[in-house]
Amino acid sequence: MTKAVWTTMTEIILQYTGLWPTAFFTIVALMVVTYKVVCGMFFSADDFVPIKRQPLHLGDMTEEELRAYNGSDSEKPLLMAIKGKIYDVSTSKIFYGPGGSYAMFAGRDASRALAQLSFKPEDINGNLEGLSDAQLEILQDWEYKFMDKYAQVGQLVPKKTPTENKAEEESVWDRTSAEGIKSRYAADE
Ligand code: HEM
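Not measured: the values here are computed from a predicted model.

Draft legend 1. Geometry of the coordination of the iron atom of the ligand. A lone protein donor binds the iron atom of the ligand: Tyr102 (OH), at 1.9 Å. Turning to its location among the elements, Tyr102 is positioned in the loop between helix 4 (93-96) and helix 5 (111-116).

Given below as structure tokens:
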């Protein structure tokens with residue numbers, strides 16, 4: 001039975017291609033290998049895997065906290081802020097990741113630098129003071145670009161003053177006063 005199928009296949013291949021099955025299958029195998037090699041030169045298998053990412057929400061952050069997202073920790077997303085709005089720019093690692101042309105903007109509010117089209121370290125901040133209308137317009141265009149391309153994941157907030165920190169600690173103390181009193185008594189014993 002198997003022999004009959006093989007004989008029929010041989011006849012069909014010979015009839016249609018003029019080749020013996022061994023030659024025919026060798027040519028097919030070579031074509032497949034060539035196709036894979038050529039495709040591999042342009043695409044990698046990863047290109048076809050859809051990127052599934054949970055939308056991030058990191059909330060309020062100070063400029064100091066934002067610095068941690070500058071690509072130095074590969075476990076963390078790459079973030080960048082414009083006009084105080086923080087965007088997840090991880091998809092553009094090539095620009096903002098370590099060694100990227102715009103890596104200096106990662107983990108920063110780059111508003112002033114973008115408005116002035118400057119790479120000077122002293123301009124990489126969120127200070128808009130003294131910018132001309134034209135520069136503010138340039139910044140607005142950057143903001144539109146980022147809004148369109150990246151997800152906003154949070155907002156920059158000013159650094160807390162020592163007084164605010166103390167007030168927060170006290171309110172935490174109030175909320176947990178029952179435990180606080182218990183542990184104070186426990187410490188006294
Ligand atoms: C010699 C001048 C410059 C050239 C030739 C240049 C070229 C480019 C190119 C080709 C891209 C990729 C565009 C894309 O695929 O979307 C790009 C992106 C970018 N450029 Fe420049 N650039 C120049 C100057 C600047 C300056 C002065 C700044 C700001 C200070 C800047 C900031 C950026 C940023 C932030 C991106 C990435 C935008 C994104 O996240 O999509 N560039 N640039």
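Draft legend 2. Region of the structure containing a nonpolar patch on the surface. A contiguous nonpolar patch, built from Ile94, Phe95, Tyr102, Met104 and Phe119 and spanning about 490 Å² of accessible area, is present on the exposed surface. The residue Ile94 is located in helix 4 in this model.

Draft legend 3. Structural view of the pattern of salt bridges. Within the structure shown, the criterion is met by 4 salt bridges. Residues Lys83 and Glu143 are paired through a salt bridge, measuring 2.9 Å at the closest nitrogen-oxygen approach. Residue Lys83 is found in the loop between strand 2 (79-82) and strand 3 (85-88), and its partner Glu143 is found in helix 6 (residues 133-149); the two are separated by 60 residues along the sequence. Taking relative accessible area as the criterion, Glu143 reaches 5% and is therefore assigned buried. Linked by salt bridges that have partners in common, Lys83, Lys85 and Glu143 make up one network.

Draft legend 4. View of the site of the ligand. Around the ligand, the surrounding shell holds 14 residues, and the nearest of these are Tyr96, Tyr102, Lys145, Lys149 and Tyr150. The contact in question runs from an oxygen atom of the ligand to an N or O atom on the side chain of Lys149, over 2.6 Å. Between the ligand and Tyr150, the relevant distance is 2.4 Å, taken from an oxygen atom to a side-chain nitrogen or oxygen of the residue. Among the secondary structure elements, those contributing two or more residues to the shell around the ligand are helix 4, helix 5 and helix 6. Of all the elements, helix 6 adds the most residues to the shell around the ligand, at 4 residues. Partitioned by chemical class, the residues of the shell around the ligand number 11 nonpolar, 1 polar and 2 charged.

Draft legend 5. Geometry of the environment of Met61. With respect to the helices, strands and loops of the structure, Met61 is situated in strand 1 (residues 59-61). For the pair Met61 and Gln155, spaced 94 residues apart in the sequence, the C-alpha separation amounts to 6.3 Å. Residues within four places of Met61 in sequence aside, it is in contact with Leu66, Tyr69, Leu79, Ile86, Gln155, Leu156 and Val157.

Rules behind the numbers
Residues numbered from 1 in each chain as written. Predicted model: local features only at pLDDT ≥ 70, side-chain atom pairs only at ≥ 80, totals over all residues. Heavy atoms only, no water. Donors = N, O, S within 2.8 Å, 3.2 Å for Na, K, Ca; no water. Helix = DSSP H or I, 4+ residues; strand = E, 2+ residues; numbered from the N terminus. Patch = residues over 30% accessible without salt bridge, like charges linked within 9 Å, V, L, I, M, F, W, Y side chains within 5 Å. Areas by Shrake-Rupley, 256 points an atom, 1.4 Å probe, with all protein chains shown as cover. Salt bridge = Lys/Arg side-chain N within 4 Å of Asp/Glu carboxyl O. Buried < 20%, exposed > 50% of the residue type's maximum accessible area, 1.4 Å probe, protein only. Near = heavy atom within 4 Å. Polar contact = N/O pair within 3.5 Å; in protein donor to acceptor, adjacent residues only side chain to side chain. Nonpolar A, V, L, I, M, F, W, Y, C, P; charged D, E, K, R; others polar. Contact = heavy atoms within 4.5 Å.

Such coordinate-based values are descriptive only and should not be taken to indicate function.
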